[in-house]
Amino acid sequence: MEVNMNSFSIWDYLVFFACLLFSMGIGVYFAVQGRKKKTEGEYLMASKSMSVIPVSLSTTASFMSAIAILGNPAEMYDQGATLMLYALGIASGCLVAAVVFVPLLYPLQLTSSFEYLEKRFNSRVARLIGTCTQIISRIAYIGTASFAPATAFNIVTGFPVWATLVIMSASSTFYTSIGGIKAVIWTDVFQSVIMMAGVLAVIIKGSMEVGSFSKVWEINDEWGRLNVWNFDPDPTVRHTFWSMVVGGTVAWMSTFGLYQTSVQRYNSLPTLRKAQTATLLTVFGASFLSLSCFVSGIVLFAYYVTKDCDPIGKKLVDSSNQLVPFFVMETLAYPCVPGIFLSAIFAGALSTISSALNALAAITWEDFLKPVLKDRVKSEKHLYIIQGLVVLYGLLMLALSFVVKDLEGTVLQIGLSLTGAASGPLTGMFVLGAFFPWANAKGAIGGAIIAVAVTFWVAVGAFVTGITKDKFTYPNGTCSEYFKHESSNTTTTTPFTTSTQFKTHTTMMSSFYEEKTGLEKLYSISYLWYPVLAVITTVVFGLIISFITGANSIDDVPTEYQIPIASRILCCLPKSWKKVLNCNREFEDPEDICERLEEKDQVQNGNHGSKTSNDVRTTEFNNQAFVNPSDQDNVTPPLKQE
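Every value quoted in this text rests on a predicted model; they were computed, and no experiment measured them.

Peer 1: Before we go on, may I ask you to explain the packing of aromatic side chains in this structure?
Peer 2: The tally for this structure, following the rule as stated, stands at 22 aromatic pairs. Ring geometry for Trp223 versus Phe301: centroids 5.7 Å apart, planes at 80 degrees, classification edge-to-face. One end of the pair, Trp223, is in the loop between helix 10 (213-222) and helix 11 (241-257); the other, Phe301, is in helix 13 (residues 272-306), with 78 residues separating them in the sequence. Between the aromatic rings of Tyr303 and Tyr304, the centroid separation amounts to 4.9 Å while the plane-to-plane angle is 80 degrees, which identifies the pairing as edge-to-face.

Peer 1: Explain the state of the cysteines to me, please; I cannot follow it from the model alone.
Peer 2: Here is the idea: a disulfide is a covalent bond, and it sits between the sulfur atoms of two cysteines. Summed over all chains, the structure comprises one disulfide. Across a sulfur-sulfur distance of 1.9 Å, Cys309 and Cys479 are joined as a disulfide pair. Of note, the bridge from Cys309 to Cys479 carries an S-S torsion of about 105 degrees and is right-handed in sense. With Cys309 in the loop between helix 13 and helix 14 (323-331) and Cys479 in the loop between helix 18 (441-465) and helix 19 (499-503), the pair connects residues that are 170 residues apart, well separated along the chain. The two residues Cys309 and Cys479 agree in class, both being buried. Unpaired in terms of disulfides, Cys336 finds its nearest cysteine sulfur in Cys19, a separation of 9.9 Å. A residue is classified by how much of its surface remains accessible, and Cys336, at 23% relative accessible area, is partly exposed.

Peer 1: Please clarify how the confidence of the model for the protein chain should be interpreted in this entry.
Peer 2: In regions of low pLDDT, the predicted coordinates are not meant to be interpreted in detail. Within the protein chain, residue pLDDT values average 79, and 77% of them lie at 70 or more. Scored below 50 in pLDDT, residues 408-412 shows four contacts in the model against residues more than four places distant or in partner chains. Note that pLDDT drops below 50 for residues 485-513; the model gives that stretch 48 contacts with residues more than four away or on any other chain.

Peer 1: What is the right way to read the pattern of salt bridges from this model?
Peer 2: Going through the model one piece at a time under the given rule, you end up with ten salt bridges. Measuring nitrogen to oxygen at the nearest pair gives 2.5 Å for the salt bridge that ties Arg127 to Glu118. Glu118 matches Arg127 in its accessibility class, with the two residues each being buried. With a shortest N-O distance of 3.5 Å, Glu366 and Lys370 are connected by a salt bridge. Remark: Lys370 and Glu366 occur in helix 15 (residues 337-373); sequence separation between them is four residues, near one turn of the helix. Its relative accessible area of 8% is what places Glu366 among the buried residues.

Peer 1: Whenever I open this one, the side chain of Glu40 confuses me. Can you help?
Peer 2: Looking at where Glu40 falls in the secondary structure, it is placed in helix 2 (residues 40-45). Beyond its immediate chain neighbours, meaning those up to four positions away, Glu40 contacts Met45, Trp365, Glu366, Lys370, His382 and Ile386.

Peer 1: I keep staring at the nonpolar core and nothing clicks. Help me out?
Peer 2: Nonpolar side chains tend to gather and get buried jointly when the protein is soluble and globular. Counting residues in each nonpolar core, the largest one holds 157 residues, and the members touching the most others are Tyr86, Phe101 and Tyr116. When residues of this core are assigned to their parent elements, the largest contribution, 17 residues, is made by helix 13. Beyond its immediate chain neighbours, meaning those up to four positions away, Tyr86 contacts Met244, Gly248, Ala251, Trp252, Phe294 and Leu528. By size, the runner-up hydrophobic cluster in this structure holds five residues, among which are Ala421, Val458, Ala459 and Tyr530.

Peer 1: Even after reading the chapter, I still don't get unusual backbone geometry, so can you show me in this structure?
Peer 2: Most peptide bonds adopt trans geometry, and most residues besides glycine take a negative phi value. One non-glycine residue, Ser47, lies in positive phi territory at about 50 degrees. Mapped onto the secondary structure, Ser47 falls in the loop between helix 2 and helix 3 (52-63). With a phi angle near 60 degrees, Lys315 is a residue other than glycine that sits in the positive phi range. Inspection of the secondary structure assignment puts Lys315 in the loop between helix 13 and helix 14.

The rules behind each value
Residues numbered from 1 in each chain as written. Predicted model: local features only at pLDDT ≥ 70, side-chain atom pairs only at ≥ 80, totals over all residues. Heavy atoms only, no water. Phe/Tyr/Trp six-rings, centres within 6.5 Å; stacked < 30°, edge-to-face > 60°. Helix = DSSP H or I, 4+ residues; strand = E, 2+ residues; numbered from the N terminus. Disulfide = S-S within 2.5 Å. Buried < 20%, exposed > 50% of the residue type's maximum accessible area, 1.4 Å probe, protein only. pLDDT = per-residue confidence, 0-100. Contact = heavy atoms within 4.5 Å. Salt bridge = Lys/Arg side-chain N within 4 Å of Asp/Glu carboxyl O. Core = buried A, V, L, I, M, F, W, Y, C linked by side-chain atoms within 4.5 Å.

Dropping the structure here:
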C-alpha cells in the first residue's frame, strides 16, 4: 500500500537550507570578527562578555533537542498526559540550580566544571572520574539525538538517513570549531526561535483541524488520556506526579546547574547576579517549550481520533518518532511550512550537538591535555588543539550515529536510559562535596562507583525483564483515506463529532503492572527515579566510606567549596555536638567574595603585564590548591565581581 502524502517542494528545500546556512554563517561571522583576539578564554568562555537573554535562550535550546520535539509528542500519544507534569520538574530544577549551584560554581570561574571535584576533594582521580563519565554520556546522547531528525527527514523527503547524518554532523562541527562559544550561543538563539515556531505550528493547525483546543481536551478526556494527577507513591509506576516532579527536579537541577554545557554558559556572563538571572529565565523558556511539545502530543491524538485512525498501529509510520512529521506533511502542506518545521527539528539537533561538542572539547582540554601540554606547547597553539578536539568529537559523533541508525527502537531506548543513569552519580558527587563537609575523596569516589553500578544494574535489568507500561485504547479504523485505492474500493472515514461517539471508545487504561517480587520489583522502578536513586546511593555510601576511612572536619574544607545548609541545620544540635562539629562557622557571601577578589585582580593585573585577568585568576587558583585551614583567610579562590 502506498500512503498518499503531500510532497516536499522546492520552496521547502530552500527554506531548510537557508536556515542551515544561516546557522553556519553565524559561526563564520564570529570566526572573522574575533580572529585577531581569539584566545582560550574568548573561545571557551566568551571573555565573560555575553548578555543574559542570549545565554538563557541558548541554555534552553541546548537541552531541548530533536528528541523532545519528536519523542515527547509520541510519548503523550502513546501513554497519555501524565508526562505533562514533567514541565514542573524542569522548572523546579532550574530554580534549584539558580539558587544553589550557580552561586557555588560561578565565583570559582572554572573552565571545566569538574575542576570543582578536584579542588573540593583534593583529588585528581575524582575530577577525572567525573570527566570520563560526562564524555561517555554526552557522546552517547548526541549520537542518539542526531538519529531522530534523520528519520524525520527521511519520511518527509525520502532523503537517505546516512546523508542527513553527514550534513548535520558537518554543519554543527564546522560552525562550532571556527566560532567557539559565541557562535554556539547565538546559533542556539536563532534555533530556539525556529524550534518554537515549528512546535506551535503543529498545535495551532491540529487544534483548527479538530475544531478548537477545547475540543482537543474533550476528546482526550473522553478517551481517558488526561491521567495527569496520579499521586500513587509506588516508584514502580512509570509516570506519577512524584516521579515527574521529584525525579525531574533532581535531573534538571544538575542539567542547568552542574553540566559543563550550562556552566560554560553562565560563566560567560560578567556577574554572579546575571548568571543567576539567566538560569532563572531558563525556567520560562525550557518549561514553555517542553510543555508545548507535550501539548502537541494530545493534539495529535485528538486529530487522529477524528480520523478514526492510528498511524502507528496501522504501520503508516515506521516508528513513533515519525508521527509528528507525518502529521505535518498531511496538514501543513503550505509553501515553506514543512521546510520550517523540518528546520525546527534540525535546530533542536544542531543546538544540542554544537553545545555538546564545545563542552566536550573544553573538559578534554582542561582536564586531560592542558596539564600535560601547557608547558610543552606554545600558548598560541592551544586554541588550535581545542578546535581539533571539536572536529574529533564531531567525527566520533557521526560514527556513533551510524551505529545507532541500525539499532532497533528498544535498543535505542536502552542507550538513552543508560545515558540518563550516568548523570545521577555525577550529581551525587557534587551534592556530597557541597553539602557534606565530612565527605572525603575516598567517599566521593567510592560512592560514585557504587551508584554507577546500582543504576546501570537496575536499568539493564529493567530492559531484560521487560518494561511495563499502561495500555490505552486507540482509534481502530482502517485508515483507508491514507492509501491510494481503486475508485470502486475507496471509502471515506466519518470523523467522530459527538461525545456519545467518543464514549463508545472510552475503555480506560488497562494496568499492565503485574505483581512482582524480589529483584523484579527493583527492576520495575521507573526510569525517572534513576537520578534520585543514584544521588541517594552516592551520598549514603559516600558518607559511610568517608567516616570509615577518616572523615574531614568542617575546617578541612574551605567555605567557598561548600553550601552551608547542612552546617547551619546541625547548629540545632546540643552544644557538645556543635563544638565537635564546629558548625558555628561563618560563611562569606559569594558577592562579597567577588568584590574582594576584584580588587585583588586589579593588583595582580598591574604586576603581570599582558596577562588577562582570567589568566591571572587561573594561575592563582592552580597555585593555591588546598591550603592549611589556618591560612584560609589569606588565600582565596579566583572570583569575578558582581
